[in-house]
Amino acid sequence: MSSDEKPVAVPRSLAEDLRARDDASLTALLRSRPDLITPVPADLTQLATRAGTRASVVRALERLDRFALQTAEALAVAADPAAYGELLGLMAGDEGDGAVAAALPRALATLREQALVWGDDDRLRLVRTARELLAPSAQHPSPTGLGPTVQEATAGMSPGRIQEIVAAAGLPSTHDSVSAAAALTALFADRKRMAALLADLPEDSLEVLDRLVWGPPYGQVTADPAPRLRRLLDRGLLLPTAPGTVVLPREVALHLRAGRAHRAPEPLPPAVEAAAAHSAQVVDATAAGQAYTALATVEELLKDWDEGGPNVLRAGGLSVRDLKRAAVALDVAEPVAAFWIELAYAAGLLASDGDVDERYAATPAYDEWRERPAAERWALLAQAWLAATRTPGVAGGRDAKDRVLSALGPGLDRSAAPEVRHRVLALLAGLPQGTAPVADSVLARLRWERPLRGAQRDHEHDLRERLARWTLSEAELLGVTGRGALSAHGRALLGAPPAPEAVPAPEPTGPGDKLPVHHHRGTDAPQARQSVQAAPTAQAARAAAAQAAARLLAPLLPEPLDHVLLQADLTAVAPGPLRRPLADTLGVLADVESKGGATVYRFTPASVRRALDAGRTAADLHAFLGRHSRTPVPQPLAYLIDDVARRHGHLRVGAASAYVRCDDDALLNEILADKRSAGLRLRRLAPTVLATPADPAALLEGLRAMGYAPAAESAEGDVLIARADSHRTPPRTAPEPVPDGPPLPDATLLSAAVRAIRAGDLASTAPRKPSATATADGGLPRTTAAETLATVQAAVLTGEALWIGYVNAEGTAGQHVIAPIRVEGGFVTAYDHTADEVRTYPLHRITGVAELEADTG
């Protein structure tokens, strides 16, 4: 080392380790653990304290991949502190493992980035809380399957008994239990001496060790152990931990494992396997066709609920009966119907109306959505699906209180859903274009990336696997994928780069591959050094991705048609999607008989009457059909329209409660004589008027059931035009996703948080001159108003920096490092190093002031 170089200080705590990091490293830490900046810590000491809390450490451990977690587990059973070589030995074993050795620096960099490990490579320390969580104990076995060390297992053993074990192992006796345990530890850690000790054991004793070596390391023995167990107990190869319980010491297990902490280290993620390959054109065309079907399905659902949908259950949600009706109307299975209903709800197109008799209905946003181009409508649905935490797949299941979970009801949010959807699609994006994955290989990859730990492992794994399977099926329904492969517009929606032409190369595994050098602390943590200023906001990125997806999808969608083909059997065939005005009018004039590539409409007396009730005349209908049909209007259809129109409105119904009037008294006599009219309780008021206590709607329905075509009229005698009222909810916003923990900070917040933490740390660690008024704990001295004014005025003249305590208008106390500029009118104007700006402070709010020592550096 040259005389000009300063020795690098060895950090004595996590706070000192964080203090030595650069801003990019702190930014990476806060990005990976967003709970640490809620709220922003006052300084680096507070950041380190928060990073070591149990809740924060548990959350960080749960977000590690399998190999990084295995590395942390190995550190938990290593010495504290541990050298890098010891860690490598625990992970790669005595014989070594090239893949493990190549991947370990990356895993260690991840642990350092997330402040779970600190210290140089010769003194690696796992944070205390993580060690407590991962270290083996009788109550909480380690995932490594290792037990306690000899020192831990013999802590409560009598001195005489431990000396007996030392003697049986062929070691000289010692003067105390501590040195005896140390001698045993040295024996068990010495590979040659340990091999000689085991060579003297019979086969049946070795079989006992083999059963315990990979865990659990605890076993039960009787008061009079068998000879094979007695030999192991006498030599300390098994140590008693409680009456009737023995444990295999950690050092013995590591020797039997050839130094490995894990039976099967997994340094590399399992590859996503290809199930089938298709051309990009086939995939995109298939996905586009399904995307158009998705739009038509959502429109059909909300059109069916246009005049008001099903009632809202008292506990919230859709009843089982209404879900079945929706499934029948959409001609899909009930789980698929629940998906479409929840998708419309997540997109803000569907909500409850909030009335006393609460029902589900379309929102005003639905009308705006229908006017958009088809590709933009799809992008809105797909983005809502990607971000939604509501999970329709759990509908029909039961919650913790054994209550049925209903579609649109409470309890369907799963905060992990958006992350799983994005990750599954990202894995598909990593495959060659047009390649569909093997579903089980996707699940295996997700298990490696988020192995989880503890009692919730099975439940969470089951949920995440179900979410992944639902993602694959829902992406196909929505048209994000086609034939199982990610489409071009699906890739754009995800914001992924263009598809690779070949399977991507795995992570480097060989000694010659370039990997982070393990002796540089944290400098190679994944994605830690990207510029945060250049990153766009998440909202802008999503909007750009939606626009890109819509541009790619638009040319693939079929162009709407302005014509149909009328047939002599009173049907019309739409050979493709129809333009909206044509589709709306035809939907009133005819009933949909079948759907598919071509939609078949059927004309009936009831459907024609529906069009007449909506204000159309027979001439209007003839002109409409002649204008939009590529074939001549069939004579049977023309006769049907004229016949229904001739009888339409001949009878008039008004409010009496209701009445019927008609200029043809013979027709009224016919109605009175008809037995089917008995339920209407009609009576004659005049030769041309019949009255009934039934309401007009019931009277209209009854007469139409008898084969008549009455028309409703107003109090003035004018015919009422019966248009279908589109029931809409008041303006509603789409449901907010339930976050999985604190929200991810954006670049602006991260940059501001790092500056604030640095400034607060400067204020708390800046060296200060000795003061007679300093507090005993080194805190900010309390000064009188006169002393404060004199010190500040002197600093204005000398240009020195000061350390002040300050109470703001809200009563919050803080500390700042300032360089006073001027003092006047009871205020001091100064450059605040903490805030990095010029500020003005009332002198009466300054609680104390101290001079800083000159910089000797």
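Residues numbered from 1 in each chain as written. Predicted model: local features only at pLDDT ≥ 70, side-chain atom pairs only at ≥ 80, totals over all residues. Heavy atoms only, no water.

*Asks:* Would you take a moment to explain the packing of helix α10 (residues 159-168) against helix α11 (residues 177-189) for this structure?
*Replies:* When two helices pack together, their arrangement is given by the angle between the helix axes and by the axis-to-axis distance. Axis separation between α10 and α11 bottoms out at 10 Å; the angle between their running directions is 30°. By the angle between their axes, α10 is roughly parallel relative to α11. Considering only the axes of α10 and α11, their crossing is left-handed. For the pair formed by α10 and α11, the contact residues are Pro159, Ile162, Gln163, Ile165 and Val166 on the first element and Ser177, Ala180, Ala181 and Leu184 on the second. Tallied by class, residues from the contact of α10 with α11 come to 7 nonpolar, 2 polar and no charged. (Axes fitted to C-alpha atoms, helices over the stretch in contact; angles between N-to-C directions. Helix = DSSP H or I, 4+ residues; strand = E, 2+ residues; numbered from the N terminus. Parallel < 35°, antiparallel > 145°, perpendicular 65-115°, else oblique. Left-handed = near helix turned anticlockwise from the far one by under 90°. Contact = heavy atoms within 4.5 Å. Nonpolar A, V, L, I, M, F, W, Y, C, P; charged D, E, K, R; others polar.)

*Asks:* Any chance you could explain unusual backbone geometry here in plain terms?
*Replies:* Residue proline 39 is bonded to the preceding threonine 38 through a cis peptide linkage, with omega at -5°. As for its placement among the helices and strands, proline 39 is situated in the loop between α2 (23-32) and α3 (44-51). Proline 216 follows glycine 215 through a cis peptide bond whose omega is -5°. Relative to the helices and strands, proline 216 resides in the loop between α13 (203-212) and β3 (218-220). Of note, alanine 258 is a non-glycine position whose phi angle comes to about 60°, a positive value.

*Asks:* For this particular structure, what's the right way to read the sheet that holds strand β24 (residues 837-842)?
*Replies:* Each strand in a sheet pairs with its neighbour through backbone hydrogen bonds, running either in the same direction (parallel) or in the opposite one (antiparallel). Strands sit in the order β24-β23-β22-β21-β25 across an open sheet of 5 strands; the sheet is antiparallel. On the outer flanks of this sheet lie β24 and β25 (846-851), each paired with one strand and no other. On average, adjacent strands in this sheet sit at an angle of 45° to one another, irrespective of strand direction. Helix-sheet contacts for helix α33 (residues 785-798) involve β21 (802-807), β22 (813-824), β23 (827-832) and β25, and the interaxial angle to β22 is about 60°. (Pairing = 2+ DSSP bridges.)

*Asks:* I'm lost on the pattern of salt bridges in this one. Help?
*Replies:* Note on pairing: side chains with opposite charge can pair once their charged atoms come close. Evaluation of the coordinates by the stated rule reveals 39 salt bridges. The residue arginine 325 makes a salt bridge to aspartate 322 at a minimum N-O spacing of 3.4 Å. With arginine 325 and aspartate 322 both in helix α17 (residues 320-330), this residue pair falls 3 residues apart, about one helical turn. In this structure, the salt-bridge partner of aspartate 643 is arginine 646, at a minimum N-O distance of 3.1 Å. Taken together, the positions of aspartate 643 and arginine 646, both in helix α29 (residues 635-647) and 3 residues apart, correspond to about one turn of that helix. With a relative accessible area of 33%, aspartate 643 lands in the partly exposed category. Given the relative accessible area of 59%, arginine 646 is considered exposed. Salt bridges sharing common partners tie together Arg63, Glu419, Arg450 and Arg464. (Salt bridge = Lys/Arg side-chain N within 4 Å of Asp/Glu carboxyl O. Buried < 20%, exposed > 50% of the residue type's maximum accessible area, 1.4 Å probe, protein only.)

So yeah, pure geometry; function would need other evidence.
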